[in-house]
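Each chain, written out:
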Amino acid sequence: MNRRQFNKRLVGGAALLATSSLSYAGVKLWPEAGLSNPCLTGLPDTLKNHPLMAQIWEGIDAQQVWDSHVHIVGVGDSDLAGKQERVWFHPNMDSYWHPILKIQKNFYMNGGCVATGRVDDSYVERLVQISREMPAGYKSMLFAFDWYHDEQGRPNKEHSIFHVPNQYVADIAKQHPQHFEWVASIHPYRQDCVDALEKVYALGARAIKWLPSGMGIDPASASCDRFYQKLHDLDLPIISHTGRESAVQGGDQAHGNPLRMRRALDNGVRVLLAHCASDGHDEDLDNNNRSIKSFDLFSRLMDTPEYEKLVFGEISALTLINHAWAIKPVLARQDWQHRLINGSDYPLPGIVPLISTQTLAWRGLLKDEHLLFLQNLRHYNPLMFDFATKRLMQYEGNTFNQSVFETRSFFEKVKA
Ligand SMILES: [Zn+2]
């Protein structure tokens, strides 16, 4: 069976499951939207003019809305004519010997609505198309992704799961300045990390993205200090994954321990803890390394008075089935609201089985009358779907404040 046949079977299997779903009063219960993204284009008037559409944008200044967490993916098939480095995916992601990786990759690609043979370009085209449907001024922050590096700071392709070059992402942002900002990725053990940081800063990078487990970064290592010093000087924040990483396998999961970011904080660097560390457990380094919820360690950092102006919680992926339990405890902390930053983790909101609006309703976070609107919206525009879901969610009268979405001033510091 070649790749195309395999993909066909995967999609065929998904379609079969989708037609045998459970539904009640027109609202599908499971899988509520099938398993694969139908990638519809052109928001219909029924959604555009829906009263909930007006409600989610009410009181929001779209000029201030920057989605802090958007992935660029690809396979390196764009026609760059040798001008720059290409996006790269580990071949294991295409191997039948690694079926989980392969299925993961297929879901990622389907979430981003790519076209076979021109994956890189079609991924960006879809992102531009759905960005045009957002109110003027709304922007997505696109992520680069550095190689895995060893302790000597040498890149290691074999250990890397994918690579998205800084220049590649900077160029996409430059081509569509009305829709995109960009976030560079630099491994702090690199010999040239400080020079590289100056370079991406000059290219307009708004932050630095790390995935400590997948990249081989121990944020608590002294090897990061030069890098932290430069980040502090430039006032560039780090967006670092915290808690368990499910989407990108491999590496040392202990590196995602929120407490390991204290070294950056103690160097005066602003840190955005991705997903509020809402998945998995980590060692409590303050208490005999006993295993506790990563989220509790995140909370400890948020509640450390010295870090009040430095540590922030990023709420991307909180709506995912394995993270959603954390929405209530986050909403309950109204005193955190001014330090929460929204991100979509696109293409994840486009990967249909990862989010269940019905389950969010069962948890008491959404109302039944939201479901049809959201379930239709997700097929057309995952960015809007993610935004709408978070704007509509509430628990015991608490919602995410407008400031959680109006994030621009966090990234766009006006230098005195
Ligand atoms: Zn992500």
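Definitions and cut-offs
- Residues numbered from 1 in each chain as written.
- Predicted model: local features only at pLDDT ≥ 70, side-chain atom pairs only at ≥ 80, totals over all residues.
- Heavy atoms only, no water.
- Helix = DSSP H or I, 4+ residues; strand = E, 2+ residues; numbered from the N terminus.
- Buried < 20%, exposed > 50% of the residue type's maximum accessible area, 1.4 Å probe, protein only.
- Contact = heavy atoms within 4.5 Å.
- Areas by Shrake-Rupley, 256 points an atom, 1.4 Å probe, with all protein chains shown as cover.
- Pairing = 2+ DSSP bridges.
- Axes fitted to C-alpha atoms, helices over the stretch in contact; angles between N-to-C directions.
- Donors = N, O, S within 2.8 Å, 3.2 Å for Na, K, Ca; no water.
- Salt bridge = Lys/Arg side-chain N within 4 Å of Asp/Glu carboxyl O.
- Expected span 1.5 Å × (residues − 1).
- Disulfide = S-S within 2.5 Å.
- pLDDT = per-residue confidence, 0-100.

A. How the structure looks around the overall build of the protein chain. The helix and strand inventory of the protein chain stands at 17 helices and 14 strands. A burial count over the protein chain gives 57% of its 416 residues as buried. Long-range contacts, defined as pairs at least 24 residues apart, comprise 76% of the intrachain contacts of the protein chain with a sequence gap of at least 6. Here the protein chain has roughly 17,600 Å² of accessible surface; of this, 51% comes from carbon and sulfur atoms.

B. Just the sheet that holds strand S13 (residues 311-314), in detail. Read across the sheet, 5 strands follow the order S8-S9-S10-S13-S14 without closing on themselves; strand pairing throughout is parallel. Every interior strand has two partners, whereas the edge strands, strand S8 (208-210) and strand S14 (340-341), have only one. Where helix H9 (residues 225-234) meets the sheet, it contacts S8 and strand S9 (238-241), and its direction lies at approximately 145° from that of S8. Running over the sheet, helix H11 (residues 294-302) touches strand S10 (271-274), S13 and S14 and is turned about 140° from S13.

C. Layout of the environment of proline 165. Locating proline 165 in the fold gives a position in the loop between strand S6 (162-163) and helix H6 (166-175). Accessibility expressed as a relative area gives 3% for proline 165, which makes it buried. The spatial distance from the C-alpha of proline 165 to the C-alpha of tryptophan 147 is 9.0 Å, given a sequence separation of 18 residues. Residue contacts for proline 165: discarding those within four places in its chain leaves Glu85, Arg86, Val87 and Ala144.

D. Highlighting the coordination of the zinc ion. For the zinc ion, the protein coordination sphere consists of His69 (NE2), His71 (NE2) and Asp345 (OD), at 2.0 to 2.1 Å. On the primary sequence, the residues serving as donors to the zinc ion are separated as H-x1-H-x273-D. We note that histidine 69, like histidine 71, is buried.

E. Region of the structure containing the pattern of salt bridges. Applying the stated criterion across every chain, the model contains 21 salt bridges. For aspartate 146, the salt bridge identified is with arginine 190, shortest N-O distance 3.0 Å. With aspartate 146 in the loop between strand S5 (139-143) and S6 and arginine 190 in the loop between strand S7 (180-183) and helix H7 (193-202), this residue pair connects regions lying 44 residues apart in the sequence. The exposure class of arginine 190 is buried, given its relative accessible area of 16%. Linked through salt bridges whose partners overlap, the residues forming this network are Lys139, Glu181, Arg206, Arg408 and Glu412.

F. Local environment of the pairing of S5. With respect to burial, S5 is a largely interior element, 5 of its 5 residues being buried. With burial as the criterion, each face of S5 is covered, one bearing Lys139, Met141 and Phe143 and the other bearing Ser140 and Leu142. Relative to S5, strand S3 (residues 66-71) runs parallel, the two being bridged by 4 bridges. Looking at the pairing, aspartate 67 lines up with serine 140 of S5. When S5 meets S7, the two strands line up parallel, connected through 4 bridges. Along S7, the bridge assignment pairs serine 140 with phenylalanine 180.

G. Looking closely at helix H4 (residues 99-111). For H4, spanning 13 residues, the distance from its first C-alpha to its last is 18 Å, which sits close to the expected 18 Å at 1.5 Å a residue. Listed as buried for H4 are Leu101, Lys102, Gln104, Lys105, Asn106, Tyr108, Met109 and Gly111. Trailing H4 by a residue or two, cysteine 113 shows a phi angle of about 55°, which is positive.

H. Fine view of the state of the cysteines. Going through the model one piece at a time under the given rule, you end up with 1 disulfide. Sulfur-sulfur distance for the disulfide between cysteine 39 and cysteine 113 comes to 2.1 Å. Here the disulfide of cysteine 39 and cysteine 113 is left-handed, its torsion about the S-S bond being about -95°. Placement of the pair is cysteine 39 in the loop between strand S2 (27-30) and helix H2 (45-48) and cysteine 113 in the loop between H4 and helix H5 (119-132), with a sequence separation of 74 residues.

I. Quick peek at the confidence of the model for the protein chain. Predicted confidence across the protein chain gives a mean pLDDT of 90, with 89% of residues reaching 70 or more. Taken together, the stretch residues 1-21 has pLDDT below 50 and engages in 24 contacts with residues farther than four places along the chain or on a different chain.

J. Just unusual backbone geometry, in detail. In this structure, the amide linkage connecting tyrosine 346 to the following residue, proline 347, adopts the cis form with an omega of 10°. By the secondary structure assignment, proline 347 is in the loop between S14 and helix H13 (357-362). One non-glycine residue, alanine 317, adopts positive backbone phi at about 70°. Among the secondary structure elements, alanine 317 is positioned in the loop between S13 and helix H12 (327-332). In this structure, glutamate 396 takes a positive phi of about 50° despite not being glycine. With respect to the helices and strands, the residue glutamate 396 is situated in the loop between helix H15 (382-392) and helix H16 (402-405). On the basis of relative accessible area, glutamate 396 is assigned to the exposed category, the value being 69%.

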